[in-house]
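For reference, the chains in residue letters:
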Amino acid sequence: MQHLSEQEIIRRQYLEEFKKLGIDPYPAATFDVTTLATQIKEGFDTSPDAFKDIRIAGRIMSKRIMGKASFAEIQDSSGRIQAYINRDLICPGEDKELYNTIFKRLCDIGDFVGLSGYAFRTQTGELSLHVSEFKFLSKSLHPLPVVKVDADGKVHDAFTDPEQRYRKRYVDLIVNPHVKDNFIKRSKLINAMRRYFDDKGWLEVETPVLQAIHGGAAARPFKTHHNALDMPLFLRIANELYLKRLIVGGYDGVYEIGKMFRNEGMDRTHNPEFTSMEIYVAYKDYIWMMEMVEDCLEKIVAEVCGTTITHIGGNEINFAKPYKRLSMFDAIQQYAGIDVSTADENALRSFCKSNKIEIEDSMGWGKLVDAIFSEKVEDNLIQPTYITDYPLEMTPLAKKHRSKEGLVERFELYVNGKEIANAYSELNDPIDQRQRFEEQLKLADRGDEEAMIMDEDFVHALEYGMPPTSGLGIGIDRLTMMITGQEAIQEVLFFPQMKPDLKRADGISE
RNA sequence: GAUCUGUUAGCUCAGUCGGUAGAGCAACGGCCUUUUAAGCCGUGGGUCUUGGGUUCGAGUCCCAAACAGAUCACCA
């Protein structure tokens, strides 16, 4: 038995009263909406005649009843508009039940109504709908948090508890309009990116989420089981190896926007499932890719935000190209003051110790370089910056650098101190690729749970020949965080992963 | 996984030295025909996250658990 509060019981009683009055609280028929709240607000002053006979629909978000006339705020998908509801206008005859009983008593905050009338300004100047017809559309059985904004724009009683907001995102979306805007921006961003790639002639594809061999990234996978085949399957940690097979197959450019799954820790920048965009373009290298990425980001950020400038965590970020380019070694030289290109492993170790950088005995030269980079450099990379040319041992799928020994042709794009993209000149030498996998196997034998495992079919595909290719992955969630100014990934995911709410589960099962 | 903080009415929050559980909004009953954080009068609403313990007595003190947030570790 579900526990109901006083207010919830009363709302259920109203359902019975609707039935007694012969009114369906959940009518089936279409209510033809002609106008959105923001259309009235944006258009009324220039063309008031266009709003003489309009129909709007939405939730009642507030009621201010003054006897025989009332004001209510109606919220639709676009925003809010005030409605002026006069008893004798919606009840022209003797029967005042629609106003006195249905509107004044049985309508609660959160209920849906359809209204028709004309737009006007009240004595205090508030743009409103002068209501001539009133139609009840749907009952809400739970009270909503009532968030009020005063004349100074100060928000009162805001619905802010993150746990409640994430668990009941629908409520969050209803009462916190800026949350809705963030998700609209996310959708527009993905659409703009897709359009950019499509205009270049690259093909959007779909590759398997369920994979027998999980490859393409260093991460621990989720494991599942296929009953009919009686075999284990993994949820993909990356789609890189499949997209490269498609380049082998003869497409010039392929990209996929989709969910990846990694069985690792969760925090404000990690969710177990996240959205990545990976793209592979034939006959290109990572230098070309840097030019493509900065052109793409400049255009789509401008399209979505109306400007290339965004704000996050007190920083102003400008996505206008070109972006600064800095090799990993030069970046370390600049921010940590050590030339790692001439330092051996012992020199790096003593540097880490004297700079209080945590290291482990198992870490090799490459991992030590990475540790210094993470600790000393990352936080300084606020404006979009390409970090290029990484140590080979950390990057088993990238091509060896054309001129720098021990490095690979790779870049990562950093914004606001966070990595949001990763790209290579893709390794297309099948002999080299097999050796790199074998080195990963040795790491796995030593207990590295994130080491890649050999994908024979992928190497076989490369043996048929893959053109020189550049590949890129962008974390869509993180990019969305940058353009919406959010510092938690949970703010750009509708339904971030949460542990079960036992309090609530018990309440339902009783 | 570690540390710290939080969990009280539908929402936002008070709650003193351990002594009958509080406010605003929301709700309910009135009044009010251009209000706007509408207003005025009145009323109801609580397993204080859960389970133990100390105590004559626990929202408050102690222990444990659950969930969340922040910081750290790992990662994208």
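I will try to describe carefully the structure that is included in this document. (Residues numbered from 1 in each chain as written. Chains lettered and ligands numbered in written order. Predicted model: local features only at pLDDT ≥ 70, side-chain atom pairs only at ≥ 80, totals over all residues. Heavy atoms only, no water.)

Quick word on the overall build of chain A
Applied cut-off: Only runs of H or I of at least four residues qualify as helices and only runs of E of at least two qualify as strands under DSSP, and these elements are numbered from the N terminus. Here the term buried applies to any residue with accessible area under 20% of the maximum for its type, exposed to any over 50%, and partly exposed to those in between, with areas from a 1.4 Å probe on protein chains only. Any pair of residues with heavy atoms lying within 4.5 Å of one another is described as a contacting pair. Computed with the Shrake-Rupley method and a 1.4 Å probe, the accessible areas treat only the protein chains shown as cover for residues. Working convention for charge: Lys and Arg count positive, Asp and Glu count negative, and His plus the chain ends are omitted. For this purpose, a charge sits on NZ of Lys, CZ of Arg, CG of Asp or CD of Glu.
Along chain A, the regular secondary structure elements total 16 helices and 20 strands. Once the C-alpha set of chain A is aligned to its principal axes, its extents read approximately 90 × 55 × 50 Å. In chain A, buried positions account for 48% of the 510 residues. The long-range fraction of contacts in chain A, counting pairs at least 24 apart against all pairs at least 6 apart in sequence, stands at 64%. For chain A, the accessible area works out to roughly 25,600 Å², and carbon and sulfur atoms hold 50% of it. Here chain A contributes 64 positive and 82 negative side-chain charges, whose respective centroids are spaced 5 Å apart.

A closer look at helix H9 (residues 286–305)
The test is simple: Here a helix's expected span is defined as the number of its residues, less one, multiplied by 1.5 Å. A 3.5 Å cut-off defines polar contacts: any pair of N or O atoms within that distance qualifies, except that in protein one atom must be a possible hydrogen donor and the other a possible acceptor, and neighbouring residues in sequence count only when both atoms are side-chain atoms.
Here H9 spans 28 Å end to end across 20 residues, near enough to the 28 Å set by a 1.5 Å rise per residue. In this structure Asp285 caps H9, since a side-chain oxygen of it lies 3.1 Å from the backbone nitrogen of Ile287. Immediately downstream of H9, the backbone of Gly306 shows phi near 80 degrees, a positive value.

Comments concerning a nonpolar patch on the surface
Heads up, the condition is: In this scheme, patches are assembled from residues that exceed 30% relative accessible area and form no salt bridge. Like charges are connected within 9 Å, while nonpolar side chains (Val, Leu, Ile, Met, Phe, Trp, Tyr) are connected within 5 Å. Just to be clear on terms, a salt bridge is a Lys or Arg side-chain nitrogen sitting within 4 Å of an Asp or Glu carboxyl oxygen.
A contiguous nonpolar surface patch, about 180 Å² in accessible area, is contributed by Ile213, Leu441 and Ile453. Mapped onto the elements of the fold, Ile453 is located in the loop between helix H13 (430–445) and helix H14 (456–463).

Some points on the protein's contact with RNA strand B
Worth spelling out the cut-off: Throughout this document, a residue counts as near a molecule or strand when at least one of its heavy atoms sits within 4 Å of that molecule or strand.
Residues in contact with RNA strand B amount to 54 residues; listed here are only the nearest, Tyr14, Thr124, Glu163, His270 and Arg478. Among all atoms of RNA strand B positioned within 4 Å of the protein, those belonging to sugar or phosphate total 57%. Thr122 places a side-chain nitrogen or oxygen 2.8 Å from a base oxygen of RNA strand B. One of the side-chain N or O atoms of Glu163 is found 2.2 Å from a sugar or linking oxygen in RNA strand B. Broken down by secondary-structure element, the contributors of at least two residues to the surface near RNA strand B are helix H1 (6–20), strand E1 (54–66), strand E2 (69–75), strand E3 (80–86), strand E6 (148–149), helix H5 (162–167) and helix H16 (502–509).

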